[in-house]
Amino acid sequence: MRSLVAAPALVGAYGVARVLDGLDGSRGPGPAWTVGHLFFLAALVLFVWIFGRLRTMAGGGLTATAGYAAGLAGALALAAQFTIDIVVGFLSADHDAMGPHFEAVKAIPGVEPAVYTVVPLLFYVGMVTLVARLASQRRVPWWSPALVLVQAVLPLANKDLIPLGAALLLLAFVPLMRVRPARPVALARSPF
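Residues numbered from 1 in each chain as written. Predicted model: local features only at pLDDT ≥ 70, side-chain atom pairs only at ≥ 80, totals over all residues. Heavy atoms only, no water.

Participant: Hey, could you run me through the side chain of Gln81 in this one?
Facilitator: On the secondary structure map, Gln81 appears in helix H3 (residues 61-91). The exposure class of Gln81 is buried, given its relative accessible area of 15%. (Helix = DSSP H or I, 4+ residues; strand = E, 2+ residues; numbered from the N terminus. Buried < 20%, exposed > 50% of the residue type's maximum accessible area, 1.4 Å probe, protein only.)

Listed below in structure tokens is the structure:
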């Protein structure tokens, strides 16, 4: 499953681009801003596939389906956020010009929680839920969901830790590369 390697690698590339973009004291607009955001958008596409695969590996069911749905909702919100960031970068002559554009977007009712504060967190909730479900089935070690959780929390402490989080995510995904899909629970056949 190359996606299990590529997705964390793309997140790490985004994190490195973000750090490089900030070396001049501000982030965006410019090539590092745009390329970094494109890396993350590409990772999101892979994560959508990964979430579906993890749901299948876990054998479906309520918990895995809820994790899958949460992950998809969060991925869509993050995709909207990163697309907005790219567009704002293209519309802005410099970093200071970005502020009014972001303020205008966030002033639209519902955009802030849907795209920036609440719904994007579901991406991480879904990922942790899916990997934790596999750990509860003893299909991956306990430390896989623990590392997924740590990588999700690291950027809250400092966004410059995104590359470290991506490395932890890759490590968390290593056991997933050996997991085969679980057999779905068969429904009892009616004698009629």
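Having seen it, we continue.
Participant: Could you clarify how one ought to interpret the environment of Ala42 in this entry?
Facilitator: Mapped onto the elements of the fold, Ala42 is located in helix H2 (residues 31-57). When the C-alpha positions of Ala42 and Ala6 are compared, they lie 9.3 Å apart, and in sequence the two are 36 residues distant.

Participant: Sorry if this is basic, but what is going on with unusual backbone geometry here?
Facilitator: Both trends apply: most residues other than glycine have a negative phi, and most peptide bonds are in trans. The omega angle of the peptide bond from Gly28 to Pro29 is -20 degrees, so this bond is cis rather than trans. As for its placement among the helices and strands, Pro29 is situated in the loop between helix H1 (3-21) and H2. In this model, Arg138 sits at a positive phi of 60 degrees, which is unusual for a non-glycine residue. Counting through the fold element by element, Arg138 comes out in the loop between helix H6 (121-136) and helix H7 (143-157).

Participant: Even after reading the chapter, I still don't get the packing of H3 against H6, so can you show me in this structure?
Facilitator: Axes are the key here: two packed helices are described by the angle between their axes and the distance separating the axes. Viewed as axis vectors pointing N to C, H3 and H6 meet at an angle of 150 degrees, and their least axial separation amounts to 6 Å. Judged by the inter-axis angle, H3 sits roughly antiparallel to H6. In the crossing of H3 with H6, the sense of the turn from one axis to the other is left-handed. In contact with Thr63, Ala64, Gly67, Tyr68, Ala70, Gly71, Ala73, Gly74, Ala75 and Leu78 of H3, H6 contributes Leu122, Phe123, Tyr124, Gly126, Thr129, Leu130 and Arg133. Grouping the constituent residues of the contact of H3 with H6 by class yields 10 nonpolar, 6 polar and 1 charged. (Axes fitted to C-alpha atoms, helices over the stretch in contact; angles between N-to-C directions. Parallel < 35°, antiparallel > 145°, perpendicular 65-115°, else oblique. Left-handed = near helix turned anticlockwise from the far one by under 90°. Contact = heavy atoms within 4.5 Å. Nonpolar A, V, L, I, M, F, W, Y, C, P; charged D, E, K, R; others polar.)

Participant: Looking at this structure, I do not really get the nonpolar core. What am I missing?
Facilitator: Across soluble globular proteins, you tend to see nonpolar side chains buried next to one another. Membership of the largest hydrophobic core comes to 39 residues, with the highest contact counts inside it found for Phe47 and Phe173. Going through the elements one at a time, H1, H2, H3, H6, H7 and helix H8 (162-173) are the ones with two or more residues in this core. Sorting elements by how many residues they give to this core places H2 first, with 9 residues. The contacts of Phe173, once residues within four sequence positions are left out, are Leu4, Pro8, Phe47, Ile50, Met127 and Val148. If you look at the next biggest cluster of nonpolar residues, it comprises 8 residues, including Met98, Val105, Val115 and Tyr116. (Core = buried A, V, L, I, M, F, W, Y, C linked by side-chain atoms within 4.5 Å.)

Without other data, these values stay purely geometric and don't point to any function.
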